[in-house]
Amino acid sequence: MKFLIIFAFWLGGFQVLAVEQPSTLKLVHVLFRHGDRNPETSSLWETNLYYNESFYRQGYGQLTNNGKRTEYSLGQALRERYDDFLGSEWNINYIDVRSSDVNRTKMSALLVNAGLWPPEDDDVWLSSFNWQPVPYNYLPSEDDKEILFYMACSKLDEEIDKVLEQDDIKNYIEERYNSTFNILAENTGKTVDLFEAFLLYFGMEIQEELGFPLEEWTQSVYPEPLHSAAVDYYYIETNNTILRKITSGYLLNKILSDTENKINGNISPQNRKMFFYSGHETNIATLLLTLEAYDLTDIPPYGGYVLLELHEIDGVNGLKLFYQNYEQADPIPLKLPNCDYFCVYDDFYQQVQDILPTSDTDCIASNLDKLKRRRNIIV
Ligand SMILES: *[C@@H]1O[C@H](CO)[C@@H](O)[C@H](O)[C@H]1NC(C)=O
Ligand SMILES: *[C@@H]1O[C@H](CO)[C@@H](O)[C@H](O)[C@H]1NC(C)=O
Ligand SMILES: *[C@@H]1O[C@H](CO)[C@@H](O)[C@H](O)[C@H]1NC(C)=O
Ligand SMILES: *[C@@H]1O[C@H](CO)[C@@H](O)[C@H](O)[C@H]1NC(C)=O
């Protein structure tokens, strides 16, 4: 048996046996953010000196070469962590790769797989080309409740507007960000609310990353308080049970149903080992906040990822949760508020049960005609 290594040595005349246990890992769900990218026009403004697409070689919104390296390294890190578990030979049954219908997440899925599955032995199909194709799939955005919930669920905007109209939240946002919104509106020509500020944060951050100098007026709002406003948006998006159902409930439903099938031996194909979700920073942020597993103070970084591992330990099935935000070398172990780092599956389920959607009414706005804004912008 490959994983069973027995060390025997003499200690004061007694023979001591230290046995490394066989792996307890049964299934892994990986949710990752795409790599470093160019801005979208929704995050820029027309008087910006760097508005023109000609500044962005790969096109608006696309991965840069740094972004490609980020995702490729992510795949290599997964290879290192799960080498024994996955084995070196790719098989269609082992891994299911799902992306959002967005170019940069599709490219990211390809790159992570390139780092995870360099062909070896019989998988080498062209010598001196250290790559093999690994497919991904996606749903049309308007049906993708699991990843692009903000395109698929009209109810999101309806419920966000309700939260933003609550007195306590309204006062909080106004006191902190009114002057920021005004400065942004004056200088960009846009009508600026919390969501617009959220978008503009990404524009400025990316412009800075790419080495294009920001105009002087931005200094009074960027990075703070704009950065805090952007992070606050995630807290608004997950401010109550209805919103948590929309932003993370559908994804959790899928993850938990696959997990349950694995536990019960009903998973198809039987030898499925891993699920990939190639998504966006919003997916990571809203999932962590929904689970109340992490106090978010930052935007999840490019190539950031969440792992949900199913383990069977002494006959008990349970989940381990990790977050890689690159503040440490390894992904940080996290736990649900009332659970241990190894959370028994039934206890995990109990804690998240109320945020699992039961029908499409959790996703569709009750009054579509009255909806002020339909969010159809990809961040
Ligand atoms: C963008 O830049 C290209 C190439 O320099 C130029 O031809 C085009 O007119 C510019 N577009 C705008 C909207 O400024
Ligand atoms: C993806 O790229 C295509 C061009 O190949 C473009 O038409 C489309 O708008 C892009 N979609 C997204 C979501 O970036
Ligand atoms: C913030 O701005 C809004 C609209 O401009 C205004 O109605 C409100 O009184 C302002 N609040 C604060 C605290 O400045
Ligand atoms: C709701 O949003 C406010 C403002 O960001 C935040 O302070 C608060 O913690 C949020 N509440 C919940 C339950 O997420």
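Residues numbered from 1 in each chain as written. Chains lettered and ligands numbered in written order. Predicted model: local features only at pLDDT ≥ 70, side-chain atom pairs only at ≥ 80, totals over all residues.

## Some points on the overall build of the protein
- In terms of regular secondary structure, the protein is built from 10 helices and nine strands.
- Whereas a compact globule of 379 residues would reach a radius of gyration of roughly 21 Å, the protein reaches 23 Å, a difference of no more than 12%.
- If you line up the protein on its principal axes, its C-alpha atoms span 80 × 50 × 45 Å.
- A total of 379 residues make up the protein; the buried ones form 37% of that total. (Helix = DSSP H or I, 4+ residues; strand = E, 2+ residues; numbered from the N terminus. Rg over C-alpha atoms; globule rule 2.2 N^0.38 Å. Buried ≥ 20, exposed ≤ 12 C-beta atoms within 10 Å, placed from the backbone.)

## A word on the environment of leucine 156
- Tracing the chain through its elements places leucine 156 in helix H4 (residues 155-165).
- Since 22 C-beta atoms lie within 10 Å of it, leucine 156 is described here as buried.
- In the structure, leucine 156 is positioned 90 residues away from isoleucine 246 in sequence and 6.6 Å away in space, judged by C-alpha atoms.

## Examining the site of ligand 4
- Neighbouring ligand 4 are Ile169, Tyr172, Asp232, Tyr235, Ile236, Thr238 and Asn239.
- Counting residues per element, the shell around ligand 4 draws most heavily on helix H7 (residues 226-237), which supplies three residues.
- A per-class count over the shell around ligand 4 returns four nonpolar, two polar and one charged. (Near = placed C-beta within 6 Å. Nonpolar A, V, L, I, M, F, W, Y, C, P; charged D, E, K, R; others polar.)

## Considering helix H2 (residues 103-116)
- Over its 14 residues, H2 extends 20 Å from the first C-alpha to the last, a length consistent with the 20 Å expected when each residue adds 1.5 Å.
- Judged by how many residues are buried, H2 sits mostly within the fold: 10 of 14 residues are covered.
- Listing the buried residues of H2 in full gives Arg104, Thr105, Met107, Ser108, Ala109, Leu110, Leu111, Val112, Asn113 and Leu116. (Expected span 1.5 Å × (residues − 1).)

## What to know about the domain arrangement of the protein
- As assigned here, the protein comprises domain 1 (25-33 + 67-151 + 248-355) and domain 2 (155-237).
- The C-alpha-based centres of domain 1 and domain 2 are spaced at 30 Å.
- With nine residues of domain 1 at the interface, the matching set in domain 2 holds six residues.
- Where the side of domain 1 that touches domain 2 is concerned, the elements lending two or more residues are helix H3 (149-152) and helix H9 (281-290).
- Here the side of domain 1 that touches domain 2 takes three residues from H9, the largest share from any one element.
- Considered class by class, the residues forming the side of domain 1 that touches domain 2 number six nonpolar, two polar and one charged. (Domains from an automatic or database assignment. Contact = placed C-beta atoms within 7 Å.)

## Thoughts on the packing of H4 against helix H8 (residues 241-264)
- Interaxial distance between H4 and H8 falls to 10 Å at its minimum, and their mutual angle equals 145°. For H4 against H8, the interelement crossing comes out left-handed. Side by side, H4 and H8 meet where Lys155, Leu156 and Glu159 of the first sit next to Ile242, Leu243 and Ile246 of the second.
- Broken down by class, the residue content of the contact of H4 with H8 amounts to four nonpolar, no polar and two charged. (Axes fitted to C-alpha atoms, helices over the stretch in contact; angles between N-to-C directions. Left-handed = near helix turned anticlockwise from the far one by under 90°.)

## Concerning the pairing of strand E3 (residues 25-33)
- Where burial is concerned, most of E3 is hidden: seven out of the nine residues are buried.
- Examined bridge by bridge, E3 and strand E5 (residues 274-279) share six bridges and lie parallel to one another. Each bridged residue has a counterpart across the sheet, and for leucine 31 the counterpart in E5 is tyrosine 277. (Pairing = 2+ DSSP bridges.)

## Side note on the pairing of strand E7 (residues 316-324)
- Burial within E7 is extensive, with seven of its nine residues counted as buried.
- In terms of strand pairing, strand E6 (residues 305-313) meets E7 through nine bridges, oriented antiparallel. Paired with leucine 310 across the strands is leucine 319, a residue of E7.
- Counting the residues in the hairpin turn of E6 and E7 gives two residues, including aspartate 314, whose phi is positive at 50°.
- Taken together, the three bridges between E7 and strand E8 (residues 332-334) define a ladder with antiparallel strand orientation. Residue phenylalanine 322 lies in a different strand from E8, and its bridge partner there is proline 333.

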